[in-house]
Amino acid sequence: MLGTKIFIFILLCYRVTAEVNDRYYPRYHLAPPYGWMNDPNGFSEYKNEYHLFYQFNPNSSYEPGIAHWGHAKSKDLFSWEHLPIAMYPDQWYDKGGVFSGSAIVEDGKLYLYYTGNVNKPEEYPDHEQHQILAISTNGINVTKQVINPIINGSEYQPDFRDPKVWKRGNMYYMVLGNSFQDSETNSTLGRALLYTSKDKVNWNFASILDESDGSLGYMWECPDFFELNGRFVLLFSPQGIQPSGYKYRNLYQTGYIVGNFDYQTNIFTPITEFVELDYGHDFYATQTILDKAKRRIVIAWMDMWNQNYIEAEDGFTGQMTIPRVLSLDKYNRLIQRPVNEIESIRRRQTRHQGSARAGAVIRLRDKAGEIHITTSATKDLDILIQSSNESSTVIISYNYKRGLVTLNRGGKDGVRRAKWRPSDKLHLKAYIDASSIELFFGNGELTFSSRFFPTGAIKVRIGDSSDVESLTIFDLQRTIDARYELESED
C-alpha cells in the first residue's frame, strides 16, 4: 500500500509540476509544489531542522478538497525542501480530512496531534471531529496510532478541532478550538478548551480558557497558547466577527488576548481585549513554536477563504508568511519581526542605498526584494509597488495628520487601514515576493500581509510628494520552487 502511494505521488509531482506556471510562484515563501495549501500544521524543530506540515489538496489547486498533510523542512526557515505527503485521509476517523494540528518532539520522536474529520451527509450535524495521534521516528514517515481517537469529544461536537500541544514540567497541555450553543442567547459562540495529560495519550478536560461573549464570533479556529514576558497569550482565528471601522475587514480574522494564567487551577484571566495580529488581506490560521534559540516564532497562511486568486490557474494555491519572532511590549502588544535568517538570502550588492527623491523608481530583480525606509514622522508618505506595465499597483501610505496607515492593492475591497503613529522617525520594512507583500511598521507593532499579482517585473516608486530620507533596497535570492525530488530512504 505504501509503495503504491509513493508511486502515485511521484506521478502526480512530475505531471503537475510541469503545469505550474512560475509567474506568481513565490521566490522565498513556502508554497506547495502543486495543488492547494492552507493552514500551517505541526510546526516544529526536529533533529536540527525546522519542519512544517500544512493542509494540502494534491488533486486540485482550486479547492481545499479532502485535506491531506503536506510537508516541508528547512535548516534556515527559507530554503524549504518539499517532502512526501505525510498523512492521507485513509482511516474511519479522518476520511473526511486530516485537519489541522501541531507537534511536539520528545525521545527522538515527532508526536503529531491533529483533528480527524468525519463527514455525515444528510445528517445533522453533518460532521464530527476527533483528536488523533500519529508518530514519526525519522521526520518523514508518519504512523497513525492504533489507540485513536485519543479524544472523542462527544460532548463538544461537531466543531472540535485544531489541537495545539505543549509540555510544562511533567504535564502535557492541549488547547482546542470549539463552538457551542449558548443557552441564554440561543447563539453559536466560539471558545478555546484546555486539556491535560500525563502521558501524551490519555487526556482530561481541564478548563475553558476563554469564550466569546457574542462579539468574537461563532467558532475559534487554530488556537495557540504561550507565555511571553511573564504574561500569557491566547492566539486564535475567530470566525464570524462583524466589521467595525478599520477593523475586522476580512472574511475571518486572526488575533490575540493577553492575560494571566495559573497552572494550578488552569484558569486564564484576560487583561486585554481581542487585538488583530495583522491588518492585511491575507493572514490566517497562525501557529507558533519555541525554538532552540528560545524564540517564539509565528507563521501564518498568507491567503484567505473565498478569495479565488488567479494563481489557481497556474497549478497551485496558497503560501505561508515570512516566519516572525514574537515579543510582548510594555503595552501588552505583540511585536512581530522577521526572523534574522532572512538576512542570509540578501544578494551581495544592494539595489539602492541612500536618500530618494519624490518620483524615484527602483526596479527589483526577479520579483523579490526587501525595502527599508526611514523618514520624517511628521510628513505624509506614499510608496508604490508596481508591475512593469503598471497594470497592478499596491500603494502604501502614511497620513501624518490622521495618524493612518493604508495599504491599497486596488480593485474591489482593496483597501486595508490601521491607526498608528511612530514615536520618532517613521520606520518601514517591506518584503516583496512574486505575489505577496508584507509590511512591518515601527519596531514591528503594526503589520500588513496581502497578496497581489503583478505582471512582469516589479518596480518601487516613491510618491510624487514624498522625499525619503533613507531608502535601502535588497534583492532577495530564490530559495524555493515547485520542483520536487523524492529522496532515497537508503
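Worth saying up front: this structure is predicted, and the values here are computed from it rather than measured.

Some thoughts on empty space enclosed by the protein
Tallying each qualifying case throughout the model produces four cavities of 30 Å³ or more. Taken together, P40, N41, S100, G101, D162, P163, K164, C222, P223, A285, T286 and Q287 form the lining of the largest cavity. Of all the elements in the fold, those that place two or more residues in the lining of the largest cavity are β1 (35-46), β5 (98-106), β9 (160-168), β13 (219-228) and β18 (284-290). By residue class, the composition of the lining of the largest cavity is five nonpolar, five polar and two charged.

So, the confidence of the model for the protein
Per-residue confidence for the protein gives a mean pLDDT of 94; residues scoring 70 or more make up 95%. Per-residue pLDDT stays below 50 along residues 1-18; that stretch engages in 20 contacts with residues further than four places along the chain or on separate chains.

Quick word on the UniProt feature "domain: Glycosyl hydrolase family 32 C-terminal" (unreviewed entry) in the protein
In the numbering used here, UniProt assigns the feature "domain: Glycosyl hydrolase family 32 C-terminal" (unreviewed entry) to residues 341-460. Between the C-alpha atoms that bound residues 341-460 the distance is 24 Å, and the span itself is 0% helix and 57% strand.

Considerations on the layout of surface pockets
Estimated volume of the largest pocket: approximately 760 Å³. Breaking the lining of the largest pocket down by element, the ones donating at least two residues are β1, β5, β9, β13 and β18. Its residues assigned to classes, the lining of the largest pocket comprises 15 nonpolar, two polar and 12 charged.

Considering the packing of aromatic side chains
Scanning the entire structure with this criterion turns up 33 aromatic pairs. With 5.9 Å between their ring centres and 70° between their planes, F232 and Y263 make a pair best called edge-to-face. Separated by 31 residues along the polypeptide, F232 in strand β14 (residues 231-239) and Y263 in the loop between β15 (255-262) and β16 (267-270) bring together distant segments of the chain. Three or more aromatic residues joined by ring pairs make a cluster, and in this case those are W166, Y173, F225, F232, F261, Y263 and F268. When the ring centre of Y111 is taken as origin, the NZ or CZ atom of K200, which lies over that ring, is 4.8 Å away. Over the ring of Y400 we find R421; its NZ or CZ atom is 5.6 Å from the centre of that ring.

A short note on the sheet that holds strand β31 (residues 436-441)
Remark on secondary structure: sheet strands pair via backbone hydrogen bonds, oriented parallel or antiparallel. Spatially, the six strands line up as an open sheet ordered β23-β34-β25-β30-β31-β32, and their pairing is antiparallel. Two strands in the sheet have a free side with no partner beyond their single neighbour: β23 (346-356) and β32 (446-451). Here the average twist between neighbouring strands, direction ignored, is 15°. The sheet contact formed by β23 and strand β34 (residues 468-476) spans six bridges and is antiparallel. Considered in β34, the bridge of G354 is made with L471.

Here's the deal with the sheet that holds β18
The strand order across the open sheet formed by four strands is β18-β19-β21-β22, and the pairing between neighbours is antiparallel. At either margin of the open sheet sits one strand with a lone partner, and together these are β18 and β22 (334-338). This sheet shows a mean twist of 35° between the axes of neighbouring strands, independent of strand direction.

Focus on the side chain of T479
As for its placement among the helices and strands, T479 is situated in the segment after β34. The exposure class of T479 is buried, given its relative accessible area of 17%. A polar side-chain atom of T479 sits 2.8 Å from the main-chain carbonyl oxygen of F78. With residues up to four places along the chain from it excluded, the contact list for T479 reads R27, Y28, F78, S79, W80 and I345.

Observations regarding unusual backbone geometry
At the junction of N148 and P149, the peptide bond is cis and its omega measures out at -5° in the coordinates. Relative to the helices and strands, P149 is located in the loop between β8 (143-144) and β9. With omega at 5°, the peptide bond leading from Q157 into P158 counts as cis. With phi around 50°, K47 is a residue other than glycine that occupies positive phi space.

Structural notes on the side chain of N117
Within the fold, N117 resides in strand β6 (residues 109-119). Judged by relative accessible area, which is 3%, N117 ranks as buried. Among the polar contacts listed, one links the side chain of N117 to the side chain of Q129, at a separation of 3.1 Å. Setting aside anything within four residues of it in sequence, one finds N117 in contact with Y93, D94, K95, G96, G97, F99, H127, E128 and Q129.

Remarks on the environment of A72
Looking at the element boundaries, A72 is found in strand β3 (residues 68-74). For A72 and L83, which are 11 residues apart along the polypeptide, the C-alpha to C-alpha distance reads 5.2 Å. With sequence-adjacent residues up to four places away left out, A72 is seen in contact with L30, Y50, H51, L52, Y54, W80, E81, H82 and L83.

Brief notes about the pattern of salt bridges
Under the counting rule described, the total for this entry stands at 31 salt bridges. Taking the shortest distance from any N to any O, the salt bridge between K144 and D90 comes out at 2.7 Å. Of this pair, K144 sits in strand β8 while D90 sits in the loop between β4 (81-82) and β5, and the two are 54 residues apart along the sequence. A residue is classified by how much of its surface remains accessible, and K144, at 16% relative accessible area, is buried. Assessed through its relative accessible area of 36%, D90 is described here as partly exposed. Through salt bridges that share partners, D22, R27, D366 and R478 make up one connected network.

Some details on the environment of G442
Among the structural elements, G442 can be located in the loop between β31 and β32. The exposure class of G442 is partly exposed, given its relative accessible area of 27%. As a C-alpha pair, G442 and Y398 span 44 residues in sequence and 12 Å in three-dimensional space. Look past the residues within four positions of G442 in its chain and what remains in contact with it is W420 and H427.

Structural notes on the pairing of strand β26 (residues 381-387)
Extensive coverage of β26 is indicated by the burial of six of its seven residues. Linking β26 back to strand β27 (residues 393-399) in an antiparallel pair, the connection comprises five residues, with E390 at a positive phi of about 65°.

Quick notes on the rules
- Numbering of residues starts from 1 in each chain and follows the order in which that chain's sequence is written.
- Only residues with pLDDT of 70 or above have their local features reported here, since the model is predicted, and side-chain atom pairs are shown and tallied only from 80 upward, although totals for entire chains, interfaces and linings are computed over all residues.
- Side-chain measures here rest on the full set of heavy atoms in the structure, leaving out hydrogens and waters.
- Only protein atoms enter the calculation, which uses a 1 Å grid: trapped sets of points that fit a 1.4 Å probe without letting it out are cavities, open sets showing protein on both sides within 12 Å along at least five of seven lines are pockets, and any residue with an atom within 4 Å of a point is a lining residue.
- Grid points are joined across faces, edges and corners, and a volume is the space filled by probe spheres set on the points.
- In this description a helix means any DSSP run of H or I spanning at least four residues, a strand means any run of E spanning at least two, and both kinds are numbered starting from the N terminus.
- Three residue categories are used. Nonpolar comprises Ala, Val, Leu, Ile, Met, Phe, Trp, Tyr, Cys and Pro, charged comprises Asp, Glu, Lys and Arg, and polar comprises the others, including Gly.
- What pLDDT expresses is the predictor's confidence in each residue, scored from 0 to 100.
- Contacts: residue pairs with any heavy atoms within 4.5 Å of one another.
- UniProt positions are given in the numbering used here, feature names are shortened, and annotations may be inferred rather than shown by experiment.
- We call Phe, Tyr and Trp rings a pair once their centres come within 6.5 Å, taking the six-membered ring for Trp, and we label the pair stacked below 30 degrees between planes, edge-to-face above 60, and tilted otherwise.
- Note on criteria: charge over ring means Lys NZ or Arg CZ within 6 Å of the ring centre, with the direction from the centre no more than 35 degrees off the ring normal.
- At least two DSSP bridges between two strands are needed for those strands to be called paired.
- All axes are obtained by fitting lines to C-alpha atoms, using only the stretch in contact for helices, and the reported angles, taken between N-to-C directions, cover 0 to 180 degrees.
- A simple rule labels every residue: compare its accessible area, found with a 1.4 Å probe on the protein chains alone, to the largest value its type can have, and call it buried under 20%, exposed over 50%, or partly exposed in between.
- In the analysis that follows, any N or O atom pair within 3.5 Å is treated as a polar contact, provided that within protein one partner can donate a hydrogen and the other can accept it, and provided that, for residues neighboring in sequence, both atoms belong to side chains.
- Here a salt bridge means any side-chain nitrogen of Lys or Arg lying within 4 Å of a carboxyl oxygen belonging to Asp or Glu.

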